[in-house]
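For reference, the chains in residue letters:
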Amino acid sequence: MSQKLNSEVAVIGIDIGKNSFHVVGQDRQGALVLRQKWSRGQVECRLANLPPCLIGMEACVGAHHLSRKLRALGHDARLMPAKYVRPYSKGQKNDYRDAEAIAEAVQRPTMKFVATKTADQLDLQALHRVRERLVGQRTGIINQIRAFLLERGVAVRQGLRFLRAELPGILATRTDVLSPRMLRIVEDLAGDWRRLDERIEGLSGEIEALARQDECCERLMTVPGIGPIISSAMVAAIGTGDAFSTGRDFGAWLGLVPKQISTGDRTILGSISKRGNRYLRRLFVQAAWVVLVKVVPKRWERYGLNSWIEAARKRLHHNVLAIALANKLARIAWAVLAKGRDFEVRRSDDAVVRSA
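Residues numbered from 1 in each chain as written. Predicted model: local features only at pLDDT ≥ 70, side-chain atom pairs only at ≥ 80, totals over all residues. Heavy atoms only, no water.

Undergrad: Tell me about the packing of aromatic side chains, residues and numbers included.
TA: This model, assessed by the stated rule, comprises 4 aromatic pairs. Taking 5.4 Å as the distance between ring centres and 55° as the angle between the ring planes, the aromatic pair formed by F244 and W253 counts as tilted. By relative accessible area, F244 is classed as buried at 13%. Judged by its relative accessible area of 29%, W253 falls in the partly exposed class. Ring centres 6.3 Å apart and planes at 75° place the aromatic pair F250 and F284 in the edge-to-face group. A residue pair is termed long-range when its members are at least 10 positions apart, and F250 in helix α11 (residues 247-254) and F284 in helix α12 (residues 278-294) qualify at 34 residues. Each of the two residues, F250 as well as F284, counts as buried. Ring pairing ties together the aromatic residues F244, F250, W253 and F284, which thus form one cluster. The positively charged end of R78 is found above the aromatic ring belonging to F113, 5.1 Å away from the centroid. (Phe/Tyr/Trp six-rings, centres within 6.5 Å; stacked < 30°, edge-to-face > 60°. Buried < 20%, exposed > 50% of the residue type's maximum accessible area, 1.4 Å probe, protein only. Helix = DSSP H or I, 4+ residues; strand = E, 2+ residues; numbered from the N terminus. Lys NZ or Arg CZ within 6 Å of the ring centre and 35° of its normal.)

Written out as structure tokens, the structure is:
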């Protein structure tokens, strides 16, 4: 790469692949001055010889690692959601045109960027993803056991703990309807269930220990309904929340707001959009149900939620109320995280005012 070319490149778009990277560079006037295919080992070496420039990439596997490396070299590396880059693609799709679209998109002043995750965030996120997969496998095994028993006329009350409590007795006493082969199959499934329980418990304990050691997680756990799992998942996903300017933006990113299809001054609101982090959204909905079901009404006032929940109960279906409360908890959690303060309730006269 010539010295003249080094001085001309101001913006770079990188289309990330497994072993090859397609790179497109533009000068300050937007003219194309670089169009090459590099191997993974060449990226850092070649970009180290360039003066600091704006580098855009799609947020995908390996993007956070490369973004940290390029920032260490002095470049302004930014990550973008792939769906926000797609409108800038011109013509037929290929890797060079994708890289060119990335270079165009990264220069837009209204573009929404993804915060680069640290190595600790990625480690914590990996723990959550492994735990989520194991929980899904456990649910599948439980459903399969229930189905096999129901085919033989053995029905068990809904709930994980009821099946766990009754299964040993069923296997010991219902030999009249369960054949020896089916007994062996169900026993093997129960053994898989126990092993998954042990792995999930171990991962949950590790996540909880990490959450207790992190200041941001400790602050988040002061919010009602939020424990080690949700707090650590939120920190792993958004860090300190700098990518969002308000709690409303965070709630919209989670998909906890109505889907809007509006035109001609006519506002049409549908069901929730379900955008963003599905795992984190599900955790916040579960937290909302915990507050609604397990926290007695007299304790709502302790969290400053009594008047809001009572007013919402009169006009919302209980499922809609749970989503609305999940959105409220998410916005409170973002405020706690972004402002670096514990959740607290301040009372002024007879009114209960929540501040975070």
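Undergrad: Help me get a handle on the sheet that holds strand β3 (residues 32-39), residues and values and all.
TA: If you walk across this open sheet you meet the 5 strands as β3-β2-β1-β4-β5, and the pairing is mixed. The open sheet has two free edges, formed respectively by β3 and β5 (76-80), since each of these has just one partner strand. Strand-to-strand twist across the sheet, computed as the mean angle between neighbouring axes with direction ignored, equals 20°. The sheet contact formed by strand β2 (residues 20-26) and β3 spans 7 bridges and is antiparallel. Note that in β3 the partner of F21 across the bridge is W38. Here helix α2 (residues 40-48) sits on the sheet and contacts β1 (11-15), β2, β3 and β4 (54-58); the angle it forms with β3, its principal contact strand, is near 135°. (Pairing = 2+ DSSP bridges. Axes fitted to C-alpha atoms, helices over the stretch in contact; angles between N-to-C directions. Contact = heavy atoms within 4.5 Å.)

Undergrad: Summarise the nonpolar core; cite the residues concerned and give the values.
TA: In globular proteins that are soluble, nonpolar side chains generally tend to be buried together. In terms of nonpolar packing, the biggest core is built from 69 residues, with I145, L149, M234, F250, L280 and F284 touching the most fellow members. With 12 residues, the top contributor of residues to this core is helix α15 (residues 318-339). Of all hydrophobic cores here, the second largest spans 19 residues; its members include I12, I16, I55 and L79. (Core = buried A, V, L, I, M, F, W, Y, C linked by side-chain atoms within 4.5 Å.)

Undergrad: Describe the environment of E132, naming the residues involved and giving the relevant values.
TA: Within the secondary structure, E132 sits in helix α6 (residues 119-151). When the C-alpha atoms of E132 and I200 are compared, they prove to be 8.8 Å apart, with 68 residues separating the residues in sequence. If we ignore the near neighbours within four places in the chain, the residues touching E132 are Y279 and R282.

Undergrad: Describe the pattern of salt bridges, naming the residues involved and giving the relevant values.
TA: Close approach of charged atoms allows side chains of opposite charge to pair. Under the definition given, this model contains 10 salt bridges. In this structure, D197 and R138 form a salt bridge, with 2.7 Å as the shortest nitrogen-oxygen distance. Taken as a pair, D197 in helix α8 (residues 180-213) and R138 in helix α6 lie far apart in primary sequence, 59 residues in all. Like R138, D197 is buried. Of the charged contacts, one joins R164 and D197 as a salt bridge, the two residues approaching to 3.1 Å between their closest N and O atoms. (Salt bridge = Lys/Arg side-chain N within 4 Å of Asp/Glu carboxyl O.)

Undergrad: Describe in detail a positive patch on the surface, supporting the description with residues and values.
TA: Positive charge collects at one region of the surface, where K83, R86, K112 and R275 lie side by side. On the basis of relative accessible area, K83 is assigned to the partly exposed category, the value being 43%. (Patch = residues over 30% accessible without salt bridge, like charges linked within 9 Å, V, L, I, M, F, W, Y side chains within 5 Å. Areas by Shrake-Rupley, 256 points an atom, 1.4 Å probe, with all protein chains shown as cover. Lys, Arg positive; Asp, Glu negative; His and termini not counted. Charge placed at Lys NZ, Arg CZ, Asp CG, Glu CD.)

Undergrad: Give me the side chain of S232: which residues, what numbers.
TA: Considering the arrangement of structural elements, one finds S232 in helix α10 (residues 228-238). Among residues more than four places away in sequence, those in contact with S232 are L124, H128, I207, A211 and C217.

Undergrad: So, the pairing of β4: which residues are in play, and what are the values?
TA: Extensive coverage of β4 is indicated by the burial of 4 of its 5 residues. As paired elements, β1 and β4 share 4 bridges and run parallel to each other. Of the residues in β4, the one forming a bridge with I14 is M57.

Undergrad: So, α12: which residues are in play, and what are the values?
TA: Compared with the 24 Å implied by 1.5 Å per residue over 17 residues, the 24 Å span of α12 between its first and last C-alpha is a close match. Here α12 has its buried residues at Y279, L280, R281, L283, F284, V285, A287, A288, V291 and L292. At the N-terminal boundary of α12, the capping side chain belongs to N277, with an oxygen 3.2 Å from the backbone nitrogen of Y279. (Expected span 1.5 Å × (residues − 1). Polar contact = N/O pair within 3.5 Å; in protein donor to acceptor, adjacent residues only side chain to side chain.)

Undergrad: I'd like a description of the pairing of β1, backed by residues and values.
TA: Of all 5 residues making up β1, 5 are buried, and the element is well covered by its neighbours. The two faces of β1 match: V11, G13 and D15 on one face and I12 and I14 on the other face are all buried. Two strands pair when backbone bridges link them, and β1 and β2 are joined in this way by 5 bridges, in the antiparallel orientation. Looking at β2, one finds that D15 is bridged to H22.

Undergrad: Can you break down the packing of α6 against α8 residue by residue, with the values?
TA: Two numbers describe how α6 lies on α8: the axes approach to 9 Å, and their chain directions differ by 155°. Here α8 runs roughly antiparallel to α6, going by the angle between their axes. Pair α6 / α8 crosses with left-handed handedness. Of the residues belonging to the contact of α6 with α8, the class tally is 20 nonpolar, 4 polar and 7 charged. (Parallel < 35°, antiparallel > 145°, perpendicular 65-115°, else oblique. Left-handed = near helix turned anticlockwise from the far one by under 90°. Nonpolar A, V, L, I, M, F, W, Y, C, P; charged D, E, K, R; others polar.)

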